[in-house]
Amino acid sequence: MLKEFDDLLPVDPVKPLAPYIGGKRNLAKRLVQRINAVPHETYAEVFVGMRASLAAADWPALWDAAHALKGNSANVGATTAAACCAQLESMSPQTLRTEGVQRLDQLESIVARSAARLVDGSRASVRRRARARSVGSSRPKSTRALTGSPPERSNRSVSNSSR
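Residues numbered from 1 in each chain as written. Predicted model: local features only at pLDDT ≥ 70, side-chain atom pairs only at ≥ 80, totals over all residues. Heavy atoms only, no water.

A. Broad picture of the environment of Arg30. Along the chain, Arg30 turns up in helix α1 (residues 23–36). Residues Arg30 and Val76 lie 46 residues apart in sequence; the distance between their C-alpha atoms is 9.9 Å. (Helix = DSSP H or I, 4+ residues; strand = E, 2+ residues; numbered from the N terminus.)

This is the structure in structure tokens:
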């Protein structure tokens, strides 16, 4: 082997989080619940940074922030916000100078609407689960759940001559 790599330690493979907690859809629901647990009115920090980058003509910082917000938006299903971030991320410095403020205003509005829908959807989901639990408790349980074994099958067999 190469001597320059002799001092490296072995690394365990990284396993993605989403499959172990039910996929991206369930991960998004859990993230929304955690976000909702924190008192907040707006998602201002990213926009303050993006506006400062725009004012300073720091295009790489603006593109990086748009890229990060695009990924966050896509992870929670805010596809319109993700698409708007993708447009912002691909804009040239000349276009950003002329349209950047308008595009950031538009993006901020889209993110605010998306966040409101996520919060409303999360609340509705909690209500649906609560109703399902209350309705589900009055339903009779299946035979398998009561006995622990599958329902019996008929003893009819198909002979080869009847085929």
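Now, onward.
B. Focus on the packing of helix α3 (residues 59–75) against helix α4 (residues 79–89). Following both chains from N to C, one finds α3 and α4 inclined at 160°, their axes separated by 8 Å at the closest point. Classified by the interaxial angle, the pair formed by α3 and α4 is roughly antiparallel. Along this stretch, α3 crosses α4, giving a crossing that reads as left-handed. For the pair formed by α3 and α4, the contact residues are Trp63, Ala66, His67, Leu69, Lys70, Ser73 and Ala74 on the first element and Ala81, Ala82, Cys85, Ala86, Leu88 and Glu89 on the second. (Axes fitted to C-alpha atoms, helices over the stretch in contact; angles between N-to-C directions. Parallel < 35°, antiparallel > 145°, perpendicular 65-115°, else oblique. Left-handed = near helix turned anticlockwise from the far one by under 90°. Contact = heavy atoms within 4.5 Å.)

C. View of the nonpolar core. Counting 20 residues, the largest nonpolar core has Phe47, Met50, Leu69, Leu88, Leu96 and Leu107 as the members making the most contacts within it. Broken down by secondary-structure element, the contributors of at least two residues to this core are α2 (44–55), α3, α4 and α5 (93–136). In contact with Met50, other than residues within four places in its own chain, are Leu62, Ala65, Ala66, Leu88, Leu104 and Leu107. (Core = buried A, V, L, I, M, F, W, Y, C linked by side-chain atoms within 4.5 Å. Buried < 20%, exposed > 50% of the residue type's maximum accessible area, 1.4 Å probe, protein only.)

D. Structural context of the packing of α2 against α3. Remark: α2 packs on α3, axes separated minimally by 8 Å, with the N-to-C direction vectors making an angle of 155°. Our classification of the angle between α2 and α3 gives roughly antiparallel. By crossing handedness, the relation of α2 to α3 is classed as left-handed. Of α3, the residues touching α2 (which contributes Val46, Phe47, Met50, Ser53 and Leu54) are Trp59, Ala61, Leu62, Ala65, Ala66 and Leu69. Looking at the contact of α2 with α3 residue by residue, the class counts come to ten nonpolar, one polar and no charged. (Nonpolar A, V, L, I, M, F, W, Y, C, P; charged D, E, K, R; others polar.)

E. Quick look at the state of the cysteines. According to the stated counting rule, one finds zero disulfides in the structure shown. No disulfide involves Cys85; its sulfur sits 6.2 Å from the nearest other cysteine sulfur, which is in Cys84. We classify Cys85 as buried; its relative accessible area is 0%. (Disulfide = S-S within 2.5 Å.)

F. Focus on the side chain of Ser73. The topology assignment puts Ser73 in helix α3. Among residues more than four places away in sequence, those in contact with Ser73 are Ala78, Ala81 and Ala82.

G. Seen up close, unusual backbone geometry. Unusually for a residue other than glycine, Ala57 sits at a positive phi of about 55°. Of the residues examined, Ala57 reaches a relative accessible area of 36% and is grouped as partly exposed.

H. Quick look at α2. Between its first and last C-alpha atoms α2 spans 16 Å; for twelve residues at 1.5 Å apiece the expected length is 16 Å, and the two agree. Buried within α2 we find Val46, Phe47, Met50, Ser53 and Leu54. Mapping the buried residues of α2 onto a view down its axis gives an arc of 125°, with all of them on the same face. Projecting away from the buried face of α2 at angles above 90 degrees are the exposed residues Glu45, Val48 and Ala55. Looking one or two residues beyond α2, the residue adopting positive phi is Ala57, at roughly 55°. (Expected span 1.5 Å × (residues − 1). Arc of directions from axis to C-beta.)

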